Structures are given as structure tokens and as C-alpha cells.
Amino acid sequence: MYAPQGDSELLLKALRRAPVPPGARMLDVCTGTGVVAFGGVRLGASEVHAVDLSLRATLTARWNARIRRLPLTVHRGDFLERAEGRFDVVTANPPYVPTASTAPPAKTKDRAWDAGDDGRDCIDRLCRAAPGLLAEGGVLLMVHSDICDTGRTIGLLQGAGLKASVVSRRAQPFGPVLRRRAPWLEYRGLTAPGQREEELVVIRADLVSPGA
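Residues numbered from 1 in each chain as written. Predicted model: local features only at pLDDT ≥ 70, side-chain atom pairs only at ≥ 80, totals over all residues. Heavy atoms only, no water.

Caption draft 1: Up close: the pairing of strand β2 (residues 47-52). Of all the 6 residues making up β2, 5 are buried; the element is thus mostly covered by neighbouring parts of the structure. Sheet topology note: the β2/strand β3 (residues 73-76) ladder contains 4 bridges and is parallel. Considered in β3, the bridge of Asp52 is made with Arg76. Between β2 and its parallel partner β3, the chain crosses via helix α3 (residues 55-68), and the hand of that crossover is right-handed. (Buried < 20%, exposed > 50% of the residue type's maximum accessible area, 1.4 Å probe, protein only. Helix = DSSP H or I, 4+ residues; strand = E, 2+ residues; numbered from the N terminus. Pairing = 2+ DSSP bridges. Right-handed = clockwise from strand over helix to strand, strands pointing away.)

Caption draft 2: Representation of the nonpolar core. In terms of nonpolar packing, the biggest core is built from 62 residues, with Leu140 and Leu157 touching the most fellow members. Broken down by element, the residue count for this core peaks at 7 residues, all from helix α5 (residues 121-133). Excluding its chain neighbours within four sequence positions, the residues that come into contact with Leu140 are Val90, Leu126, Ala130, Leu134, Leu157, Ile203, Arg204 and Ala205. (Core = buried A, V, L, I, M, F, W, Y, C linked by side-chain atoms within 4.5 Å. Contact = heavy atoms within 4.5 Å.)

Caption draft 3: Spatial organisation of the environment of Ala182. Its location among the elements puts Ala182 in helix α7 (residues 176-188). Expressed as a C-alpha distance, the spacing of Ala182 and Met142, which sit 40 residues apart in the sequence, is 24 Å. Non-local contacts of Ala182, meaning those with residues more than four positions away in its chain, are made with Phe174, Thr191 and Arg196.

Here it is as C-alpha cells:
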């Protein structure tokens with residue numbers, strides 16, 4: 001399970017600025033502990049769904065919601081299979097760390113960050129799915145590292161008919177996983193020689209009505 005870190009904090013700040021419309025229907029993809037989903041409840045969303053593949057994450061999110069007495073519906077599974085209907089707000093902190101391994105993560109916890117050789121396995125799926133997840137006027141907020149190619153994410157979302165841009169940025173030192181993979185990331189050309197810092201970005205994508 002992925003404990004809240006700098007990317008979760010950045011996503012929460014972007015969510016507070018969005019803002020969440022009163023009575024909104026919200027989906028939090030790759031919810032982890034549920035911290036971003038809880039933010040949506042507190043900001044006025046009336047129906048919040050949180051999805052994660054991890055059993056430990058879903059149990060933790062349910063427990064956290066219970067002890068905080070927050071109305072949150074938690075689903076275990078793939079977000080494309082578990083999300084029903086359309087949402088006014090979709091938030092996502094997907095796995096985005098590139099990995100040399102082509103096999104599924106050997107350890108369950110690695111699912112929280114391993115995302116293919118370019119870090120985009122989940123990001124690309126979410127970009128393609130976004131128009132079908134969002135209600136008219138709905139907003140997607142997704143956080144990931146610039147190592148995963150911010151421009152490609154914006155291009156995919158715009159190509160899907162959404163209005164997309166970076167709304168938040170934050171530079172921070174590599175964490176333990178990226179530090180271990182730094183030589184391989186340099187070899188792949190995903191980072192510059194000697195780079196030990198990444199930029200986190202939050203990308204906002206809006207499903208605007210035709211002619212708006």
C-alpha cells in the first residue's frame with residue numbers, strides 16, 4: 001500500500017482549488033489510504049467512490065473512513081471495471097515509476113509504483129478512459145512525475161477532446177525507489193546524467209460542452 005507523500009499532498013491542494021461543486025459525484029482512482037477521497041467528502045462531494053487494486057489499500061481506506069465517520073464507498077479492482085456512471089470530479093495518483101521488469105510486480109506493494117518501462121501503463125489507460133468517466137463539465141485531476149512525459153499526457157487528453165493543462169508543480173529529491181533505479185533511468189534516457197530530483201505535476205483536464 002502506498003502511504004501518502006508529496007504527490008498526494010500536491011493532488012489534494014489542486015483538488016481544493018478546483019473546486020468541488022456542492023453535491024458532486026466523485027471518483028478517486030488508485031486511492032491508497034483514501035486521503036484524497038476524504039478530501040473530496042470534506043469539500044462537499046455528496047457521493048465519493050474510491051478504487052484500488054490492493055486488498056490492503058481498500059481495507060485501510062474503509063477503516064479510515066469508518067473511524068473518521070466519512071461517507072465513502074470503496075471498491076477493490078480495476079478502475080475501468082469498478083467505476084459506474086459518470087463523475088463530476090475524478091482524481092488519480094496512479095503508479096508512475098518506470099521499471100525494467102516486464103513481469104508483474106513480484107511484491108504486491110510494488111503495484112503502488114511500478115508502471116511499465118516508461119511509467120505510463122496506468123496513465124495512458126486513464127487518459128483514454130477520461131471522456132467516458134467525466135460528466136459534462138467534469139474535471140480530472142491526475143498527479144505524476146515529469147519523468148513520465150508531461151507533454152504526452154496533455155496531448156493524449158487533448159486528443160480525447162478534453163481541455164488539459166498543468167495546474168501545479170513541485171520539485172523534490174528522488175525517493176528510495178527512484179534512487180535505486182537512477183542508473184537505469186539514465187540509460188533509458190528518462191532522466192539526465194546525475195539527475196536526482198523529479199518534478200511532480202498535477203494535470204487538470206475538463207470535459208467542456210461543445211461550443212463552450
